[in-house]
Amino acid sequence: MISKAKSCTGGTALFNYVVNENKGYELLRNNISGMTPKEMFSDFSILQQQNLRCKNNTISIVLSPTINDSIKMTNEQLKILTKDFLKEMDLDPKTNQFIAFVHTEKKHKHVHIILNRVKTDGTLIRDNFISKKAQFVAHEVAIRHGWTSAKELKIKKEQERKLFYKEVRIAIKKAHYLVLRMKPKNLQAYQIEMAKLGIKVNPTINKQGNIQGFRFVHEVSGTDLKASEVDRNLKLNQLFLIEKSTISNNVCRINKTIDLKEYNLNTTDFNSIISLLSFEDGDDTSKKQHRKRDSINY
């Protein structure tokens, strides 16, 4: 559940929008008379005339449960939810003038509340940080009643996002090491083989016309990551080098197409990577053999 709250000038426009039978139905009201939006606004105005210095004399609130929660919620539950929310906001539903109207025209039910900021004695309800407070209260009330809060949804989405990016990074790294085992002779060959595995390798060109870095695009998901975001050890700038003689012959590269064939495989770095991969494979094999021996001994 999420909530929005703010102080505003109110007026007939707000009442006409909220109190609309084509959009939903009335849920709750307190200390307010009238059947039409105009009549309700007139009743609000009686109290507001006691404090003409206040321009933002109305508090507008929206309580929006998740789609799944709103489908399950009964009117009685919506009433309890609304009253508890107002209490936690220090807007006593028994003494303050308000109307709560349920809108059902969208995929999920949500509650609009129009509350008079001017009390019966002419003093004002404090609205300091009312928006932030509404977010906090909505979370607390949702948890108390067993409904899903916006904070929970945010945490869940963040966890899903991290898991998804982790899987994409693993897929890119696997493709990278698989292509390296083929020993591509230059950057273009590496790029072609990676594309066959569904990974685009796009060089990043700086103002001098030189390759500054690389980006990997996971074509299935469309995820675009810098090489350093995939793994800080994927240093293609070191793995594929351009010969010094070629650089001197092409000092001015600005606005010119770079020939990836010029970037040849750095055999020194390549051999160290391959040996490391071989070591890891051997280590995995030895671990399996140890586990097998242990199971036999047991």
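Use the structure listed above.
Residues numbered from 1 in each chain as written. Predicted model: local features only at pLDDT ≥ 70, side-chain atom pairs only at ≥ 80, totals over all residues. Heavy atoms only, no water.

Undergrad: I'd like a description of the nonpolar core, backed by residues and values.
TA: Ile61, Phe85, Leu86, Leu91, Val111 and Ile113 are the most contacted members of the largest nonpolar core, which totals 28 residues. Put simply, the parts of the chain that give this core at least two residues each are strand E2 (24–30), strand E3 (58–64), helix H4 (75–88), strand E4 (98–103), strand E5 (110–116) and helix H5 (130–144). With six residues, H5 is the largest single contributor of residues to this core. Sequence-distant contacts of Ile61, defined by excluding residues within four places in its chain, comprise Ser3, Lys4, Ala5, Phe85, Leu86, Leu91, Val111, His112 and Ile113. Tyr190, Phe214, Leu236 and Phe240 belong to the second largest nonpolar core, which has 20 residues in total. (Core = buried A, V, L, I, M, F, W, Y, C linked by side-chain atoms within 4.5 Å. Buried < 20%, exposed > 50% of the residue type's maximum accessible area, 1.4 Å probe, protein only. Helix = DSSP H or I, 4+ residues; strand = E, 2+ residues; numbered from the N terminus. Contact = heavy atoms within 4.5 Å.)

Undergrad: So what's going on with H5? Which residues, and what values?
TA: Here H5 spans 21 Å end to end across 15 residues, near enough to the 21 Å set by a 1.5 Å rise per residue. Of the positions making up H5, those classed as buried are Ile130, Ala134, Val137, Ala138, His139, Val141 and Ala142. Turning to H5, the residues buried within the fold contact strand E1 (2–8), E3, H4 and helix H6 (150–181). (Expected span 1.5 Å × (residues − 1).)

Undergrad: Go over the packing of H4 against H5, please, and point to the residues and values.
TA: Across the interface, H4 lies against H5 with an axial gap of 10 Å and an inter-helix angle of 135°. When the interaxial angle is binned, H4 and H5 end up oblique. Considering only the axes of H4 and H5, their crossing is right-handed. Contact residues: H4 offers Leu81, Asp84, Phe85 and Glu88, while H5 offers Lys133, Ala134, Val137, Ala138, Val141 and Arg144. When grouped by side-chain class, the residues that make up the contact of H4 with H5 number six nonpolar, no polar and four charged. (Axes fitted to C-alpha atoms, helices over the stretch in contact; angles between N-to-C directions. Parallel < 35°, antiparallel > 145°, perpendicular 65-115°, else oblique. Left-handed = near helix turned anticlockwise from the far one by under 90°. Nonpolar A, V, L, I, M, F, W, Y, C, P; charged D, E, K, R; others polar.)

Undergrad: Give me the pattern of salt bridges: which residues, what numbers.
TA: Under the counting rule described, the total for this entry stands at eight salt bridges. A salt bridge links Arg117 to Asp127, with the nearest nitrogen and oxygen atoms 3.2 Å apart. With Arg117 in the loop between E5 and H5 and Asp127 in the loop between E5 and H5, this residue pair connects regions lying 10 residues apart in the sequence. In this structure Arg117 comes out as buried when scored by relative accessible area, which is 10%. Classification of Asp127 as partly exposed rests on a relative accessible area of 24%. (Salt bridge = Lys/Arg side-chain N within 4 Å of Asp/Glu carboxyl O.)

Undergrad: Please provide a residue-by-residue account of the pairing of strand E6 (residues 199–205), values included.
TA: Summarising the sheet, E6 and strand E7 (residues 211–218) pair through seven bridges and their orientation is antiparallel. For Thr204, the partnering residue across the bridge sits in E7 and is Gly213. Hairpin connection from E6 to E7: five residues lie between these consecutive antiparallel strands, with Gly209 at a positive phi of about 85°. (Pairing = 2+ DSSP bridges.)

Undergrad: Any chance you could break down the sheet that holds E3 for me, citing the residues and the numbers?
TA: Spatially, five strands are ordered E1-E3-E5-E4-E2 in an open sheet, and the strand pairing comes out antiparallel. Each end of this open sheet is capped by a strand with a single partner; those strands are E1 and E2. Across the sheet, the mean angle separating the axes of adjacent strands is 15° when strand polarity is ignored. Pairing of E3 with E5 involves six bridges; the strand directions are antiparallel. In the sheet register, Leu63 faces E5, and the bridge partner there is Val111. Where H4 meets the sheet, it contacts E1, E2, E3, E4 and E5, and its direction lies at approximately 45° from that of E2. With respect to the sheet, H5 is in contact with E1 and E3, its orientation differing from that of E1 by roughly 155°.

Undergrad: A description of unusual backbone geometry should follow, citing residues and the corresponding values.
TA: Of note in the backbone geometry, Asp90 takes a positive phi value of approximately 60° without being a glycine. Here Asp90 shows up in the loop between H4 and E4. Assessed through its relative accessible area of 59%, Asp90 is described here as exposed. For Phe129, which is not glycine, the phi dihedral falls at a positive 50°. If you trace the backbone, Phe129 turns up in the loop between E5 and H5.

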